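Examining the three-dimensional arrangement
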Amino acid sequence: MATTLKIGWLFPNTFNLHGDRGNILAIKAEGLRRGYKVEVFQINLETKDFDPMDYDFIFCPPGEIVHFKAVIEFLKPHNEALMTFIENRPMLVTGTSIGIFGEEIHRNDNSSIKGLGIVNLEVYESHVVYGDDLYYHCQYNGNKMEIIGNQIQMMHVEIQEESPFGGLIYGYGNTGNTKFEGARSGKGIFTNTLGPLLVCNPWLTEEIINLIEVNKGLPVWEEKRDNTLELNSLKTKVALIEKKETRLIKISER
Amino acid sequence: MKFYFALWLAKILGVAINLVSRDRGTNLPGEKALAIDPSFVKHFKNIDYSKVIFITGTNGKSSTTNLVDHILKENGKKIISNIEGANLLSGIATILAKESTLTGKLKADYFVFETDERYLPLVYAQLPAENMLITNLQKDQVQRNGDPDFIYRKLKEVINPQMTLILNNEEPRSRSFEESSLRSVYYGVERHDESFNKGIDYPTQACLKCHHDMVFDYYNVDSIGAFHCDFCGYASETIPEYQVNDINFKEKTFKLKGVDYNMPYDLPFMFYNYAGALAICQEICDISPQKAAKAFNNFKNIGGRFEVLKYKDKTIKYMRIKQENPDTLQSALNIMAFDKQEKMVALGLYTLVDFIPHYANTFYAFDCDFKPLIDSKVERYLCFSEHVSYDTANRLIYEGVDKEDITIMDSDNIKEIFAEIDKAETNNIYLITWISTFEKMKKFIEGGQN
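All chains use their own residue numbering, which begins from 1 and follows the written sequence. Naming scheme: in the order in which they are written, chains are lettered from A and ligands are numbered from 1. In keeping with the model being predicted, local features are shown solely for residues with a pLDDT of at least 70 and side-chain atom pairs are shown and tallied solely at 80 or more, while totals for entire chains, interfaces and linings include all residues. Hydrogens and water molecules were not included; the side-chain quantities draw on all heavy atoms of the structure.

1. Considerations on the interface of chain B and chain A
Note the threshold: For this analysis, residues touch if any pair of their heavy atoms sits within 4.5 Å. Note: buried area is the sum, over both parts, of the accessible area (probe 1.4 Å) each one loses when the two are combined. Each reported salt bridge corresponds to a side-chain nitrogen of Lys or Arg within 4 Å of a carboxyl oxygen of Asp or Glu. A run of H or I in DSSP counts as a helix once it spans at least four residues, and a run of E counts as a strand once it spans at least two, with each numbered from the N terminus.
With 47 residues of chain B at the contact, the number on the chain A side is 54 residues. In total, about 4,400 Å² of surface goes out of reach between chain B and chain A, with carbon and sulfur atoms giving 56% of it. Taken together, the connections running from chain B to chain A amount to 5 salt bridges. Residue Asp391(B) is joined to Lys237(A) by a salt bridge in which the shortest nitrogen-to-oxygen separation is 2.6 Å. Contributing elements (two or more residues each) for the side of chain B that touches chain A: α6 (142-145), α7 (148-158) and α13 (389-398) of chain B.

And the structure:
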């Protein structure tokens, strides 16, 4: 009987901005390719008995800040469990939702919302929106890789003492003034990369599943995925980045 | 005095631009006038704000404005409107300057303005309309607008209890503005043959009132349909006051308030525009549905999203979508899916080039359900357009399309696109691309390559 991988998808209806369900499709497809049974559980404000430790991977997509208080109230009792979760298990948090897991969300009307404090960062809502490509290198599960994606920046991320998830090659990243992209805490990834990040970067998806395999005591799958299409996509998007006009501060000058 | 200089300059510029080209300059005179007098729009005389109607929202504002303008004119009303679609403050300034006397006096029965939702507070500050129709607030132009709540807050700045609101009954964000106004009128569309549901892994949205999950019983257009929240009870009305019903796609007719109408465009997103326009005409302008009905016989929408080209023995059906807007892409996918004939689909999602920086965003495609299209006899897919063709193809692959059935072309080369179309056995070609590529394709055909 096939081993089951359990995926927890946090607040898919509340947080649904940028085609984020692509990440669930990608993780599911890679799990199925390796012969596992993959079950996806949608967790919403009415979910009873939520326990992060029931899952092998948790994904929290980006959402509108207007819903943050309700979500934080829901997650607060699970703070400790989420901290334990990311010590060894993979979690992906994207876009604005980074703020939920940080210390504080500062809104542009001068109000603020206390976050879960799972990662040592604070976010500051911007008055303007900035959208662009995002390209960086990072290391996950011991392997180096390049990530390509998009960023719709609605807030600055000040990562305090936390390690960044990536080092920018191009893009706005956390503040537009540093070389940092996102944050990493344990096996938790907190990134500004939106949309189907795991579709566009299957090498990260593979590492997430590799980590799940290790956590579950399964042999790591040897047969590599054919990533030709995604590598071609990376190449052509890098070509766009290299030729386009930008008003960002050069990475080398940050 | 500043106002008069600004007005006369705008008039002169308007005439000059009109001499060069009738299609140009809908913003420039207003821009220059506002540079001289920043409160230019505020200084026009004889505007009764109870006769001013703003039509705003993500999708459908141009078509609704065009239709209201048409119905009112057909009923003998004098209308000042921005039907050319210049929907920022400068566009409205241009129109007012054009229509006013040399001393800034205006004479019209109604002022009907499509207004950009993002810049609504700026327009309202100078032109405090007492009537507003909100079509819908959806995910759109994320590079500018971020998320729908960003725009929702912009509208909140403006809406006040004195306003009459005409609200889309079946779009939760728009409908929720009812809390901010003393008078709200609702319009909607009955479930019809092209209403649809999406799979359980397609997210809906959070309730505006309690943050819990919203349930859509069905969609008439993506993200718009009968909805309810099980937690707090927020819901669309079963039958709104102005409801397009008895939609007959074959006969191209519908009903509203018991009156029969010819349906100039049988596209589901247009039904909401019909209902909204009829609500405005009756509620604000006292034109009854009976009187409005005859105007539907000769309505031509300006800048519609659907065009048909003849190429050799093939018919190319072009659908213009709005980038970063899953709802217009879903509408296009549904149209293709409802066509059960063999077809080729040429999908040219494209790099965003609205302003600097340009970027390669196709992520909104993952919000759309491709399954019905894939199940509708597609002979072959062509994914084209530089920098995003691989991602577009990947979207199809994740929906179950075999890689072998997709041609990927990392280019916008017109000849190469036509060469692929030539290879198709079917004559039934659907095309999605941006207007610039489409115009080039049109010229290619007109240039004798047919």
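Next comes the rest of the description.
2. Quick look at the nonpolar core
All names here are of chain B. Basically, it comes down to this: By nonpolar core we mean a set of buried residues, namely Ala, Val, Leu, Ile, Met, Phe, Trp, Tyr and Cys, connected to one another through side-chain atoms within 4.5 Å. A simple rule labels every residue: compare its accessible area, found with a 1.4 Å probe on the protein chains alone, to the largest value its type can have, and call it buried under 20%, exposed over 50%, or partly exposed in between. Each domain's limits were defined by an automated method or a database of domain assignments.
Core analysis: the largest hydrophobic core is formed by 74 residues, its most contacted members being Ile 71, Phe 254, Leu 329 and Phe 370. Element by element, the count of residues in this core is highest for helix α9 (residues 268-283), at 11 residues. Inspection of this core shows a minimum of three residues originating in each of domain 1 (2-298) and domain 2 (306-449). In contact with Phe 370, not counting residues within four places along its chain, are Tyr 202, Leu 329, Leu 333, Leu 347, Ala 365, Arg 395, Leu 396 and Glu 399. The next biggest cluster of nonpolar side chains, apart from the first, holds 49 residues, and it includes Leu 7, Ile 95, Phe 111 and Tyr 186.

3. Digging into the UniProt feature "binding site: Zn(2+)" (unreviewed entry) in chain B
Selection criterion: UniProt positions are given in the numbering used here, feature names are shortened, and annotations may be inferred rather than shown by experiment.
Mapped onto the present numbering, the UniProt feature "binding site: Zn(2+)" (unreviewed entry) falls at Cys207(B), Cys210(B), Cys229(B) and Cys232(B). Judged by maximum C-alpha separation, these annotated positions cover 26 residues in sequence but sit close together in space, the widest gap being only 8.7 Å. Its place among the elements puts Cys207(B) in the loop between β6 (183-189) and β7 (214-216). Setting aside anything within four residues of it in sequence, one finds Cys207(B) in contact with His67(A), His212(B), Met214(B), Cys229(B), Cys232(B) and Tyr234(B). Structurally, the position occupied by Cys210(B) is in the loop between β6 and β7.

4. Overview of the domain arrangement of chain B
All names here are of chain B. Cut-off, in case you're wondering: For this analysis, a polar contact is any N or O atom pair within 3.5 Å, provided that within protein one partner can donate a hydrogen and the other can accept it, and provided that sequence-adjacent residues contribute only side-chain to side-chain pairs.
Once the domains are mapped, chain B shows domain 1 (2-298) and domain 2 (306-449). In this structure, domain 1 and domain 2 have C-alpha centres spaced 29 Å apart. Counting from both sides, the interface comprises 21 residues of domain 1 and, opposite them, 27 residues of domain 2. Each partner contributes to the roughly 1,800 Å² buried at the junction of domain 1 and domain 2, and carbon and sulfur atoms together form 50% of this total. The three residues of domain 1 that bury the most area against domain 2 are Lys 139, Gln 143 and Tyr 202, which together make up 33% of that side's buried surface. On inspection of domain 1 and its partner domain 2, the count reaches 2 salt bridges. Between Lys 139 and Asp 367 there is a salt bridge, with the nearest N and O atoms lying 2.9 Å from each other. Counting across the domain 1 and domain 2 interface gives 14 residue pairs in polar contact (both at pLDDT 80 or more). For the side of domain 1 that touches domain 2, the leading source of residues is α6, giving 3 residues.

5. Overview of the packing of aromatic side chains
Just so we agree on the cut-off: Aromatic contacts are taken between Phe, Tyr and Trp rings whose centres are within 6.5 Å, Trp giving its six-membered ring; a plane angle under 30 degrees counts as stacked, one over 60 as edge-to-face, and the others as tilted. Here, a charge over a ring is recorded when the distance from Lys NZ or Arg CZ to the ring centre is within 6 Å and its angle to the ring normal is within 35 degrees.
Counted under the stated rule, the structure contains 33 aromatic pairs over all chains. Plain terms: the ring middles of Phe254(B) and Tyr261(B) are 4.8 Å apart, the flat faces sit at 5° to each other, and that makes the pair stacked. The burial state of Phe254(B) is the same as that of Tyr261(B); both residues are buried. Among the aromatic side chains, those forming a connected cluster through ring pairs are Phe11(A), Phe15(A), Phe41(A), Phe50(A), Tyr55(A), Phe68(A) and Phe74(A). Across from the ring centre of Tyr186(B), 4.0 Å away, lies the NZ or CZ of Arg175(B), which sits over that ring. In this structure, Lys198(B) is placed above the aromatic ring of Tyr219(B), and the distance from its NZ or CZ to the ring centre is 6.0 Å.

6. A few points about the environment of Tyr135(A)
Residue and element names in this part refer to chain A. Summarising the element assignment, Tyr 135 is placed in strand β7 (residues 122-140). On the basis of relative accessible area, Tyr 135 is assigned to the buried category, the value being 9%. Linking Tyr 135 and Glu 146, residues 11 residues apart in sequence, is a C-alpha distance of 7.3 Å.

7. As for the sheet that holds strand β11 (residues 183-185) of chain A
All names here are of chain A. The condition that has to hold: Paired strands, in this sense, are two strands between which DSSP finds at least two bridges. To define axes, lines are fitted to C-alpha atoms, for helices over the stretch in contact only, and angles between the resulting N-to-C directions are given on a 0 to 180 degree scale.
Taking strand neighbours across the sheet as the criterion, the 6 strands line up as β2-β1-β3-β4-β12-β11 in an open arrangement whose pairing is mixed. Strand pairing shows two members of the sheet lacking a second neighbour, β2 (37-43) and β11, which therefore form its edges. Each strand axis lies, on average, 15° off the axis of its neighbour in the sheet, ignoring direction. Across 4 bridges, strand β4 (residues 91-94) lies against strand β12 (residues 188-191) in parallel orientation. Across the sheet, residue Val 93 finds its bridge partner in β12, namely Phe 190.

8. As for the environment of Gln141(B)
All names here are of chain B. Within the secondary structure layout, Gln 141 lies in the loop between β4 (131-134) and α6. As a C-alpha pair, Gln 141 and Asn 325 span 184 residues in sequence and 6.6 Å in three-dimensional space. Residue contacts for Gln 141: discarding those within four places in its chain leaves Gly 146, Gln 323, Glu 324 and Asp 354.

9. A word on helix α3 (residues 61-74) of chain B
Residues and elements named next belong to chain B. For clarity, the threshold we go by: What a helix should span is 1.5 Å times the count of its residues minus one.
Taking 1.5 Å as the rise per residue, α3 with 14 residues should run 20 Å; its terminal C-alpha atoms sit 20 Å apart, in good agreement. Where burial is concerned, most of α3 is hidden: 11 out of the 14 residues are buried. Restricting attention to buried positions, one finds in α3 the residues Lys 61, Ser 63, Thr 64, Thr 65, Asn 66, Leu 67, Val 68, Asp 69, His 70, Ile 71 and Leu 72. Residues of α3 that are buried in the fold lie against β1 (52-56), β2 (79-81), β3 (110-114), β4, α9 and α10 (289-293).

10. Here's the deal with the sheet that holds β2(B)
All names here are of chain B. The 9 strands are arranged β2-β3-β1-β4-β5-β6-β9-β10-β11 in an open sheet whose pairing can be described as mixed. The two strands at the open ends of the sheet, each matched to only one other strand, are β2 and β11 (259-262). On average, adjacent strands in this sheet sit at an angle of 20° to one another, irrespective of strand direction. Where β1 meets β3, 4 bridges bridge the pair, whose relative direction is parallel. Counted as the bridge partner of Ile 55 is Glu 114 from β3. Sheet strands touched by helix α4 (residues 89-99): β2 and β3. Its angle to β3, the strand with the most contacts, is close to 150°. Packing against the sheet, α9 makes contact with β1, β4, β5 (164-168), β6, β9 (242-248), β10 (253-256) and β11, and its axis sits at approximately 145° to β6.

11. Quick look at the pattern of salt bridges
Taken as a whole and judged by the stated rule, the model has 36 salt bridges over all chains. The residue Asp132(A) makes a salt bridge to Lys244(A) at a minimum N-O spacing of 2.6 Å. Within this pair, whereas Asp132(A) is found in strand β7, its partner Lys244(A) is found in the segment after α7 (228-243), the two being separated by 112 residues in sequence. Neither residue differs from the other here; Asp132(A) and Lys244(A) are each classed as buried. In this structure, the salt-bridge partner of Lys442(B) is Glu307(B), at a minimum N-O distance of 2.9 Å. Here the residue Lys442(B) occupies a position in helix α15 (residues 435-449), and Glu307(B) occupies one in strand β12 (residues 306-311), the gap between them amounting to 135 residues. Overlapping salt bridges bring together Arg175(B), Glu178(B), Glu179(B), Lys209(B) and Glu237(B) as one network.

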